[in-house]
Amino acid sequence: MRILYKISFIIIAAFSSVSLFAQTSPKPNLTGIILDEHKKPVDYATVVLYKAADSSIVKTSFTDQNGIFGFAVNTEGNYFYKASNMGYNTFKSKTITLTDKNQKVDFGSAQLVSSTQNLKEVSIAVTKPFIERKMDRVVMNVSTSTIMTGSSALEVLQKAPGVSVDQNDRISMQGKQGVLIQIDGKQTYMSSADVANLLRNMQSSEIETIELITNPSSKYDAAGNSGIINIKTKKNKAGGTNGSLNATAGYGKNFRGNTGLNLNHRTKKLNLFGNYNYGKTTRENFIMIDRVSNGTPDTYFMQSGLSLRKQQNNNFKAGLDYFIDKNNTIGVLVNGYFNRGTETTNNNTLIGTSFQKVDSTLASSSLQNNKYNNISYNLNYKSVLDTAGSEISADFDYSKYNGNDGSEYVNDYMFANGNRIRPINYTRNGTPSKIDIKAFKVDYNVALSKTIKLEAGLKSSWVKTDNDLQAEELVNNVWQNDVRRSNQFIYDENVNAAYTNINKKFKNTSIQLGLRVEQTNSKGNLVTTNTVVDRHYFDFFPTLFVQQTLSKNNQLGFSYSRRIDRPSYDALNPFVYYLDQYTYSKGNPFLKPQYTNNVELSYTFMQRYMLSLGYSRTNDVIAEVILPDEAQKALYQTNENIAKNISYNANLNIPIQITKWWQANNNLNVFYLSFEAPDLAGSALKTGKTSFQFKSQQSFTIASGLTAELNGNYESPLDYGTLSIRSNYSIDAGLSKTMFKKKGSLKFALSDIFNTSETNLTSTYPGLNYNLHQKNESRFGRITFTYRFGKEIKPARRRSTGSEAEQNRMKN
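Rules of the game
Every residue gets a number counted from 1 within its own chain, in the order that chain's sequence is written. Thresholds applied to this predicted model are a pLDDT of at least 70 for local features of residues and 80 or more for the giving and counting of side-chain atom pairs; totals over whole chains, interfaces and linings are not thresholded and use all residues. Side-chain numbers come from the whole structure's heavy atoms, not from hydrogens or water. Here a strand is any run of E in DSSP of at least two residues, a helix any run of H or I of at least four, and the numbering for each starts at the N terminus. Contacts are assigned to residue pairs that have any heavy atoms within 4.5 Å of one another. Shrake-Rupley sampling with a 1.4 Å probe provides the accessible areas, and residues are treated as covered by the protein chains on show and by no other component. Buried Ala, Val, Leu, Ile, Met, Phe, Trp, Tyr and Cys residues form a nonpolar core when they are joined through side-chain atoms within 4.5 Å. Note on exposure labels: buried denotes an accessible area under 20% of the residue type's maximum, exposed denotes more than 50%, and partly exposed covers the range between, all computed with a 1.4 Å probe on protein chains only. Every residue carries a pLDDT, the predictor's confidence in it, which falls somewhere between 0 and 100. Between any two strands, pairing holds if DSSP finds at least two bridges. Here an angle of 0 to 180 degrees is reported between the N-to-C directions of two axes, which are lines fitted to C-alpha atoms, with helices fitted over the stretch in contact. A 3.5 Å cut-off defines polar contacts: any pair of N or O atoms within that distance qualifies, except that in protein one atom must be a possible hydrogen donor and the other a possible acceptor, and neighbouring residues in sequence count only when both atoms are side-chain atoms. Two aromatic rings from Phe, Tyr or Trp, using only the six-membered ring of Trp, form a pair when their centres are within 6.5 Å; if the ring planes differ by under 30 degrees the pair is stacked, by over 60 it is edge-to-face, and anything between is tilted. Criterion for a charge above a ring: Arg CZ or Lys NZ at most 6 Å from the ring centre, at most 35 degrees from the ring normal.

(A) Highlighting the overall build of the chain. Scanning the chain from terminus to terminus reveals four helices and 45 strands. Of the contacts formed within the chain by residues at least 6 apart in sequence, a portion of 66% connects residues at least 24 apart. Of the roughly 37500 Å² that the chain leaves accessible, carbon and sulfur atoms contribute 56%.

This is the structure in structure tokens:
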């Protein structure tokens with residue numbers, strides 16, 4: 001009956017989120033006092049009143065600063081309460097009897113016992129909260145979530161507070177794009193599209209936590225106007241020989257699956273580790289575009305298309321750490337991936353003088369084959385200089401990337417009666433690309449005193465990309481070079497940086513002041529036309545962090561930072577990529593970097609409830625825009641520097657312990673975005689709208705070893721650049737069971753239960769009538785089995801590398 005009782009609550013929660021609000025109530029007639037182990041009052045302890053007859057919850061209250069709680073109860077019966085607070089065991093009171101609604105009963109005082117006591121008598125299991133707030137970041141503990149199991153890293157990011165991923169896999173945080181993605185502190189040096197591809201290939205079984213850093217310190221690369229998302233992968237912290245095996249199978253409209261193996265072996269002087277993951281996915285994407293091209297008369301286009309993408313992914317990592325002595329360690333690390341895939345697309349475009357009157361059609365199809373290979377090498381050294389924690393570390397990195405996309409296109413133009421207007425047009429593209437990355441960095445930190453710490457470091461990186469678009473057209477059954485579209489683009493970039501941070505701790509205040517200096521040298525060369533864009537510039541990026549402890553349960557924080565976003569490599573490449581005659585994209589070699597000033601104020605209550613308020617202004621903001629090509633009656637996508645973007649945001653995170661077996665985490669992100677450009681392709685742009693995102697995660701303990709989760713997500717309408725995006729929502733659910741003496745687990749999850757996740761948008765560009773509907777394959781179920789094996793002895797070393805900032809703009 002208890003299990004059925006709990007399941008009934010889960011079903012109810014599937015259709016609503018639970019929030020607790022303080023309400024005005026009659027004077028309490030059941031009272032008591034909660035004390036700690038030193039017999040001092042405990043403030044803000046949670047006290048839950050139960051009916052003794054069926055253990056049902058009557059009311060919930062909190063103690064005040066004097067440890068006093070009270071309930072107003074007007075129903076006769078037998079009652080008891082349970083009191084809990086962080087760091088203490090739950091206390092259950094005696095049962096009292098209320099014989100009259102006007103009767104007053106005093107439970108007396110109760111003393112809580114620290115959960116660190118009686119360790120010999122009880123075994124205490126500590127579960128990390130789903131969301132944690134730290135001084136300069138918010139941490140999402142992915143490994144504790146059932147719903148996350150069997151998902152890709154991109155799907156996991158969709159659950160992160162304040163983070164959005166649209167149908168085209170563009171990632172934004174606090175409503176703003178320009179997020180810097182790092183893996184174990186390493187920048188990926190990829191374009192946004194290719195970072196999304198990398199995350200789509202990474203499995204949640206590889207992820208320990210995700211860190212959301214809206215205002216990074218000077219120690220981090222200055223890239224990322226909306227902050228940094230750092231994905232920390234799992235590292236086996238135990239010695240001996242041990243590992244884990246996992247396998248996932250999922251199905252929606254198509255099959256998807258993955259499997260992985262992690263191994264670790266540690267001796268006194270040596271630590272060996274490695275993992276391998278294989279994934280195979282098939283996913284469908286439907287897109288429909290209605291638009292009007294201005295003219296005399298206007299031309300109406302109704303485009304619909306269906307694509308099917310198949311991908312096979314292989315990711316690997318191997319490394320070793322050699323412990324020279326207790327203070328010095330040297331290590332090597334090799335990781336990479338080799339991925340293959342195909343994508344078939346069929347589009348049909350109806351063309352006429354209105355949406356109801358069609359006079360011609362364009363039927364187009366394409367087949368794309370892609371191969372992405374990357375291998376990275378890292379050599380690292382770390383030395384602990386004294387017992388106060390002073391240390392120096394160094395990293396040398398080299399990464400080589402090879403990609404090859406091959407695409408074939410067929411375009412067939414016909415009258416409304418089916419007669420062909422012109423012969424079928426056949427084209428094909430070959431787009432081999434190469435990226436080489438070299439990076440070196442050294443970090444030094446020293447404790448100048450018990451309260452003062454100094455950090456300093458140097459970093460240099462060298463990146464070279466070579467993209468060669470080879471376009472051909474079939475003429476008289478012979479493939480001929482299409483000089484209009486073929487080109488070679490080579491981009492070289494060198495960034496040299498130095499930083500310093502000074503940290504000072506007072507009794508209740510911590511202050512960190514930092515400065516990062518970066519010198520950038522870049523050269524973009526469109527070899528085909530000998531067009532060269534050469535840039536050299538210095539930038540200064542100051543940061544300031546202040547953390548103030550008001551009391552045991554109240555902390556305030558303030559931060560400021562200046563940041564930069566350099567254009568991604570593919571955004572700079574000026575080649576034109578045609579989907580069909582009326583739809584294409586092109587790069588912009590004249591894009592300038594964008595600069596952002598961020599300010600944030602945060603408040604944390606009881607180490608659980610978090611509120612942050614932020615403001616940012618970005619100049620020369622790089623925005624993806626959709627613009628008309630009046631001459632060709634076409635639309636094209638490109639990137640432009642818009643004059644400015646101003647953002648205000650507020651983020652509220654509220655975890656709630658509803659019952660002993662039911663926890664909820666609710667996150668509300670409210671933001672205002674405005675974009676302004678006096679001249680965007682001949683027209684002025686000025687937009688602004690207040691939007692919000694709400695995410696709720698419910699966790700349930702149904703029985704011993706059996707847990708469940710429910711996630712809900714809602715995003716209100718949003719204006720971004722030249723696009724107005726409509727609301728979107730989805731609900732996910734999951735169930736998990738441990739087995740084999742907790743060495744194994746079986747998990748089932750269902751994503752987007754009601755199949756509601758989709759993108760609907762219109763253009764805000766003056767004079768452009770454009771409407772898009774896009775639906776990816778988002779509803780699917782998956783089942784995952786995980787098994788851990790081996791002998792564990794003591795912690796192993798964790799290692800990240802030094803070229804993280806450069807790989808974030810590269811393909812995979």
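Now that the structure has been shown, the text picks up again.
(B) Structural view of the nonpolar core. Membership of the largest hydrophobic core comes to 31 residues, with the highest contact counts inside it found for Tyr582, Leu627, Ile642, Leu673, Leu680 and Tyr770. Looking at this core, the elements with two or more residues in it are β34 (609-629), β35 (634-659), β36 (662-680), β39 (718-720) and β44 (769-776).

(C) Expanded view of the confidence of the model for the chain. Here the chain shows a mean pLDDT of 83. Residues at 70 or above account for 88%. Ignoring residues within four places in sequence, the model shows residues 808-812, a span with pLDDT below 50, making 50 contacts including any to other chains.

(D) Structural view of the sheet that holds strand β8 (residues 105-111). What the three strands build is an open sheet, ordered β4-β1-β8; its pairing is mixed. The open sheet has two edge strands with one neighbour each: β4 (68-71) and β8. Looking at each pair of strands side by side, their axes are set apart by 20 degrees on average, direction ignored. Direction of pairing for strand β1 (residues 30-35) relative to β4: antiparallel, over a ladder of four bridges. Residue pairing in the sheet places Gly32 in a bridge with Phe69 of β4.

(E) Seen up close, the pairing of strand β24 (residues 425-447). As defined by bridge partners, strand β23 (residues 391-415) adjoins β24 across 21 bridges and the pair is classed as antiparallel. Along β24, the bridge assignment pairs Gly406 with Gly430. Hairpin connection of β24 to strand β25 (residues 452-475): four residues between the antiparallel strands.

(F) Representation of the environment of Asp732. Tracing the backbone shows Asp732 in strand β41 (residues 728-739). Here Asp732 falls in the buried class, since its relative accessible area comes to 6%. C-alpha of Asp732 to C-alpha of Asn713: the two residues are 19 residues apart in sequence and 8.8 Å apart in space. Looking at Asp732, its side chain comes within polar contact range of the main-chain nitrogen of Asp752, at 2.6 Å.

(G) Layout of the pairing of strand β5 (residues 77-84). As judged from the six bridges shared by strand β2 (residues 46-51) and β5, these two strands associate in the antiparallel manner. Its bridge partner lying in β5, Val48 is registered against Lys82. Bridge analysis of β5 against strand β7 (residues 96-98) gives three bridges, and the strand direction is antiparallel. Paired with Gly77 across the strands is Leu98, a residue of β7. Pairing of β5 with strand β6 (residues 91-92), which is carried by two bridges, proceeds in the antiparallel orientation.

(H) Inspection of the packing of aromatic side chains at higher detail. The full count for this structure, using the stated rule, is 20 aromatic pairs. With centroids separated by 4.9 Å and ring planes inclined at 35 degrees, the aromatic side chains of Phe396 and Phe440 adopt a geometry described as tilted. Within this pair, whereas Phe396 is found in strand β23, its partner Phe440 is found in strand β24, the two being separated by 44 residues in sequence. Judged by relative accessible area, Phe440 falls into the partly exposed class, the value being 29%. Among the aromatic side chains, those forming a connected cluster through ring pairs are Phe69, Phe71, Tyr81, Phe91 and Phe107. Taking the ring centre of Phe80 as reference, the NZ or CZ of Lys92 above it sits at 4.7 Å. The ring of Phe301 has Arg291 sitting right over it, with the charged end atom 4.0 Å from the ring centre.

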